[in-house]
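# Descriptive structure summary
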Amino acid sequence: MPTTVGTEAQNADARGGSATGSVEPVLVAEGLVRSFGSLRAVDGVSLRILPGETFGLLGPNGAGKTTVISMIAGLLQPDEGTVTVAGVPMGRSSVEAKGHIGLVPQDLAIYPELSARDNLQFFGKLQGMHGRPLRDRVAEVLDLVGLGDRAKEQSKKFSGGMKRRLNIGIGLLHQPDLLILDEPTVGVDPQSRNAILESVEALSGEGMAVLYTTHYMEEAERLCDRILILDSGQAQAEGTRDELIELTGDADRVHLSGSGDLAAAEGAVAGIPAVASVHRDPHALDLTVRGAPTAIALIVNAATGAGMKLSNVEIRRPDLESVFLHLTGKALRD
Amino acid sequence: MRSVLAIAEAELRRFLADRSNIFFVFIFPLVLVAVLGASFGGDSASARVAVVGGESALRSAVVTQLERADAEVTITGDDDMRQRVARGGADVGVLVPEEAARAFDAGQGPELEMVTGSQSNAQAAAQVVRTAAAAATLRSGQERALQAAATSAGVDGDIDRALDRAGTSIRPAETQVRDTSGLAQELGGLGQFDLGASSQVLLFTFLTTLSGAAALIQARRDGVVRRVMAGPVTSVQTILGLGLGRLTIALFQGAYIVLASRLLFGVDWGNLPAALGLLLVFGLVAAGVSMVIGVVADNEGLATGLAVGGGLVLAALGGCMMPLEFFPDSLRPVAFLTPHAWGYEGFAEIQRHGGTLLDILPQLGVLAGMAVLWLALGSYLLRRSLARAM
Ligand SMILES: Nc1ncnc2c1ncn2[C@@H]1O[C@H](COP(=O)(O)OP(=O)(O)O)[C@@H](O)[C@H]1O
Ligand SMILES: [Mg+2]
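Residues numbered from 1 in each chain as written. Chains lettered and ligands numbered in written order. Predicted model: local features only at pLDDT ≥ 70, side-chain atom pairs only at ≥ 80, totals over all residues. Heavy atoms only, no water.

## Examining the overall build of chain B
Worth spelling out the cut-off: Note on conventions: DSSP H or I runs of at least 4 residues are helices, E runs of at least 2 residues are strands, and numbering of each starts at the N terminus. For the exposure calls, accessible area comes from a 1.4 Å probe over protein chains only, and a residue counts as buried if that area is under 20% of its type's maximum, exposed if over 50%, partly exposed in between. By the convention used here, residues are in contact when the closest approach between their heavy atoms is within 4.5 Å. To measure how exposed things are, a 1.4 Å probe is used in the Shrake-Rupley method; for residues, cover is taken only from the protein chains shown.
A tally of helices and strands in chain B yields 17 helices and 5 strands. Counting over 390 residues, chain B shows a buried share of 50%. Long-range pairs, those at least 24 residues apart, make up 79% of the contacts in chain B with a sequence separation of at least 6. As displayed, chain B has an accessible area near 17,200 Å², and 61% of this comes from carbon and sulfur atoms.

## Concerning the pairing of strand β12 (residues 252-260) of chain A
Residues and elements named next belong to chain A. Heads up, the condition is: Strand pairing follows a simple DSSP-based rule, namely that at least 2 bridges must link the two strands.
Taken across its 9 residues, β12 has 7 buried, putting it largely inside the fold. Bridge count between β12 and strand β14 (residues 284-289): 6 bridges; the pairing is antiparallel. Paired with valine 254 across the strands is leucine 287, a residue of β14.

## Observations concerning the site of ligand 1
Residues and elements named next belong to chain A. Here is the rule we go by: In these notes, residues near a molecule or strand are those with any non-hydrogen atom within 4 Å of it. Here a polar contact means two N or O atoms within 3.5 Å. Within protein one must be a hydrogen donor candidate and the other an acceptor candidate, and residues neighboring in sequence count only if both atoms are side-chain atoms.
Lining the immediate environment of ligand 1, one finds Phe36, Leu39, Ala41, Pro60, Asn61, Gly62, Ala63, Gly64, Lys65, Thr66 and Thr67. Take glycine 64: an N or O atom from its main chain is 2.9 Å from an oxygen atom of ligand 1. Take threonine 67: an N or O atom from its side chain is 2.5 Å from an oxygen atom of ligand 1. The protein chains hide 59% of the 560 Å² of surface that ligand 1 would expose on its own. Counting only elements with at least two residues in the shell around ligand 1, the list comes to β3 (39-49) and α2 (65-72). At 3 residues, α2 tops the list of elements feeding residues into the shell around ligand 1.

## Here we look at a nonpolar patch on the surface
Residues and elements named next belong to chain B. Note the cut-off: By definition, no residue in a patch forms a salt bridge, and every one has over 30% relative accessible area; like charges are joined within 9 Å, nonpolar side chains (Val, Leu, Ile, Met, Phe, Trp, Tyr) within 5 Å. Think of a salt bridge as a Lys or Arg side-chain nitrogen and an Asp or Glu carboxyl oxygen that are within 4 Å of each other.
On the surface, Ile22, Phe23, Phe24, Ile27, Val31 and Val35 cluster together into a nonpolar patch covering about 520 Å² of accessible area. Position of isoleucine 22 relative to the elements: it lies in helix α2 (residues 20-41). Take isoleucine 22: its relative accessible area is 35%, and that puts it in the partly exposed class.

## Points about the domain arrangement of chain A
The test is simple: Residue ranges for the domains trace back to a domain assignment, done automatically or taken from a database.
Looking at the assigned domains, one finds that chain A contains domain 1 (3-245) and domain 2 (251-317). Computed from C-alpha atoms alone, the centre-to-centre distance between domain 1 of chain A and domain 2 of chain A is 39 Å.

## Overview of the packing of aromatic side chains
The criterion, for reference: Working definition: a ring pair exists when centres of Phe, Tyr or Trp rings (six-membered ring for Trp) sit within 6.5 Å. Plane angles under 30 degrees give stacked, over 60 give edge-to-face, the rest tilted. Here, a charge over a ring is recorded when the distance from Lys NZ or Arg CZ to the ring centre is within 6 Å and its angle to the ring normal is within 35 degrees.
Following the criterion strictly, the structure yields 12 aromatic pairs over all chains and no others. Ring geometry for B:Phe23 and B:Phe24: centres 5.3 Å apart, planes at 80°, overall edge-to-face. On the basis of relative accessible area, B:Phe23 is assigned to the partly exposed category, the value being 39%. Measuring from ring centre to ring centre gives 5.0 Å for B:Phe336 and B:Trp342, while their planes differ by 75°; the resulting arrangement is edge-to-face. A connected cluster of aromatic rings, assembled from ring pairs, spans B:Phe15, B:Phe26, B:Phe252 and B:Tyr256. In this structure, A:Arg193 packs its charged tip against the face of A:Tyr216, placed 4.4 Å from the ring centre. Sitting over the face of the ring of A:Phe123, B:Arg227 holds its NZ or CZ atom 5.5 Å from the ring centroid.

## Observations concerning the coordination of the magnesium ion (ligand 2)
Metal coordination angles have textbook ideals: 109.5 degrees for a tetrahedral set of four donors and 90 or 180 degrees for an octahedral set of six. Residues and elements named next belong to chain A. Which entries qualify depends on this criterion: Any N, O or S atom lying within 2.8 Å of the metal counts as a donor, with the limit raised to 3.2 Å for Na, K and Ca; because water is left out of the atom set, some sites can appear incomplete.
Looking at the metal site, the magnesium ion (ligand 2) is ligated by Thr66 (OG1) and Gln106 (OE1), spaced 1.9 to 2.3 Å from it. Taken as a pair, threonine 66 in helix α2 and glutamine 106 in the loop between β7 (101-104) and α4 (116-126) lie far apart in primary sequence, 40 residues in all. Residue class for threonine 66 comes out partly exposed when judged on its relative accessible area of 28%.

This is the structure in C-alpha cells:
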C-alpha cells in the first residue's frame with residue numbers, strides 16, 4: 001500500500017474540495033492499472049493535481065512513469081481505473097479532455113523537416129488555434145523557449161537541447177490546464193537543462209499545473225510541490241519533500257566504501273540500534289541512521305571490527321534518494 | 001475538418017521541404033517527357049517511304065513532293081512494301097491506287113492509302129506523306145487552273161469567265177490520305193509530346209506518392225503521430241489527415257506535370273475536367289497504396305524500396321514505359337490489374353478522341369473501386385497500428 005502523507009487540508013482539497021469546496025483538482029487519476037502481457041507495468045496508481053501545483057512522478061527507469069502518463073493523456077487505455085481532467089473523463093476518443101492537456105513526450109516528437117515556427121503552427125492548429133492569436137502565441141512561445149532567432153530554421157539542424165526546448169514549447173503552446181513533461185532533461189547538456197528547469201518554474205508561477213516525471217531526485221526536489229515515488233508500477237509514497245523525508249524517521253545517510261568482508265560488516269552495523277537500514281553494494285554499504293554524527297564512531301568500529309577495510313566515509317543529510325532507499329531497499333539510480 | 005486540413009498541409013510541407021525531392025519531382029519527369037517526345041516524333045532521321053502503284057501523274061507528283069521534303073523514296077510492289085514497313089525497312093508505305101490516279105488526272109481529289117510502321121518516327125514520316133500528297137494535288141490544281149485560264153482567254157478572250165473557271169477548278173483538288181494501319185490511327189490524334197506526358201504523369205504521380213510512405217513511417221517512429229493523437233483529435237481525423245496528405249502530394253505532382261508539360265512542350269491534355277478527374281481518382285489509388293506501405297513496412301529503407309520498385313514495375317506493366325498498344329495479347333489482362341493501365345486508357349480517350357468525363361466513366365469507375373479498396377485497407381491498418389502504438 002502506498003504511504004500517503006500530507007496535511008489534512010491538502011488531502012481534503014485533493015479529494016474534491018469537500019472541506020473548502022474551493023479548488024477543483026485539474027487531474028484526478030484513480031487506481032490506474034495497466035499490464036503488458038504478464039508484466040504489471042502500472043499497478044494501482046492514484047494521483048491528484050491542483051491548479052498551479054507542480055507534481056513530481058519520481059522513479060527509476062522502467063518504474064512505469066511513461067505508462068502512467070500515457071494513460072493520463074488518453075493515449076493508452078487503462079486496464080482498470082479512471083482519469084478525469086478538468087472535470088472531464090478521459091478516454092481514447094475524448095477530444096475535450098485532451099484539449100486541457102499539453103503533453104511533452106519523453107522522445108522528441110517534432111517534424112524534423114519543418115522549422116520551429118511551422119512545427120508550433122501545426123500543433124497550434126490541431127489545438128484549434130488559428131489566425132493572428134496563433135501567430136502571436138507562436139512568437140511568444142518561441143521567445144519563451146529561447147528559439148526566437150532560429151524560428152525559420154529546419155528543426156533537424158538544431159542541437160539536442162534546442163530540439164528539446166521546441167518539444168516543450170509545443171506542449172505549452174495552447175496554455176493547457178495541465179502540462180505533462182516526461183523526463184524532459186534526459187540527454188540534455190547542463191546549460192539547456194538549467195534553462196528547461198527555469199522555464200518549468202516560471203510556468204508554475206503562472207498558475208499552470210505541471211506533472212513532471214524524472215529519475216533525477218534533485219529535479220524533483222527543486223521543482224515539485226508534491227512528489228509521488230513510483231517503483232515497479234507501484235506508488236511507494238506521496239507527499240511534499242519534507243513529508244517524504246520524515247518517512248525515513250529523519251535519518252541521515254551514511255555511505256561506507258571500501259573492501260574486505262562487507263557481508264560481515266553489514267551484519268555488524270545492522271546490530272547498532274541507531275542504524276535503520278543497510279544496503280550492501282560490492283564495494284560499499286549504504287546506511288540510514290538516526291543521529292549519524294553521534295553514531296558514526298560506533299558504526300566505523302563495527303565495520304572495521306568485522307573485517308571491512310574502509311577507504312571513505314560520508315554522512316549525508318536525508319534527501320529523496322534516502323527516502324527511496326528507505327522505501328524500496330534500492331538505490332534510485334539502479 | 002480544420003485538424004484534418006492541418007495534418008494534410010503539414011504532410012505537403014514536409015514533402016516540399018525535402019530537398020532530395022526537388023530533382024525527382026520537378027525536373028526528372030520533364031526531362032523524360034522531353035526525351036520521349038524527341039524519340040516519338042522528332043525531325044531527326046529523314047522519312048523512309050515505300051511507294052506502290054503503276055506509273056501515273058499522281059505517283060510522280062507525290063514522289064516529287066516527298067523527295068522535296070527530304071524523304072528517302074523507294075518504288076516497289078504491294079507485298080514488298082508491307083514487309084518493309086513491318087520489319088522497319090520503311091517508316092511508311094503509300095499506296096497509289098488506279099482510281100486515285102484517274103481521279104487526279106480528271107482534276108478530282110484523289111484518295112491515297114497509307115500504312116505506318118511501329119517505329120518511333122513513323123508518325124513524323126506519316127505527316128511528311130500527308131503534306132507531300134496535299135502539295136502534289138495543290139500543285140496540279142494550280143497548273144490546271146492556269147491552263148484553264150489561258151485556254152478560256154485564247155478562245156473567247158473573256159478574262160472574267162476564265163478567272164471564274166480557274167477558281168472553281170482549284171477548289172475540289174484535295175487529297176485524302178486514308179491511314180489503314182490500326183495503330184497509326186490510334187496514335188494519330190497525338191502531338192509529339194502527348195503520349196510521353198500522360199505516361200509520365202501516371203508514373204510519377206504514383207511513384208512520388210508511394211515514396212511519401214517513408215515520411216509516414218518516420219512520423220510514426222518519431223512519435224509525432226502519437227503526439228497528434230494526444231491532441232484534441234480523433235483517430236479518424238488523424239487517419240483522414242494522413243490520407244489526405246498523401247492525396248495532396250499525388251495531386252501536386254500530377255498537376256505540376258500537367259501544367260509544366262503544357263507550358264514547356266505544348267502538350268494537349270484534352271478536356272480538362274476529364275483529365276483532372278482521372279488524375280484525382282488515380283491519385284486516390286496512389287494515396288491508398290502509400291498508406292498501406294506506410295504501415296506495413298517498418299522502416300524507411302524498406303518503404304522506399306517498395307515504393308520505387310512497386311512504382312516502376314506497375315508503371316511498366318500499365319503501359320507507362322511502352323505503350324499498351326504494343327503489348328502482346330497475353331500481357332494485356334495483367335496490365336489491367338494495374339491502376340496505370342486504366343489511367344492510360346482514360347488519357348488515351350481524352351487526348352486522342354476528345355473524350356470527356358462521360359466517355360471515361362468506365363476507367364473512372366474501376367479506378368474509384370481500386371481507390372476504395374486500398375484506402376480502406378490503409379485506414380484499417382493505420383488505425384490498428386495507432387491503437388497498438390499507444
Ligand atoms: N508497449 C509496451 N509493451 C510492453 N512493455 C512495455 C510497453 N511500454 C512499457 N513497457 C514496460 O513497462 C514497464 C514500464 O515502462 P515505462 O512506463 O516506460 O517506465 P518509465 O517511463 O518509468 O521508464 C517497463 O518494464 C517497460 O519495459
Ligand atoms: Mg519513461
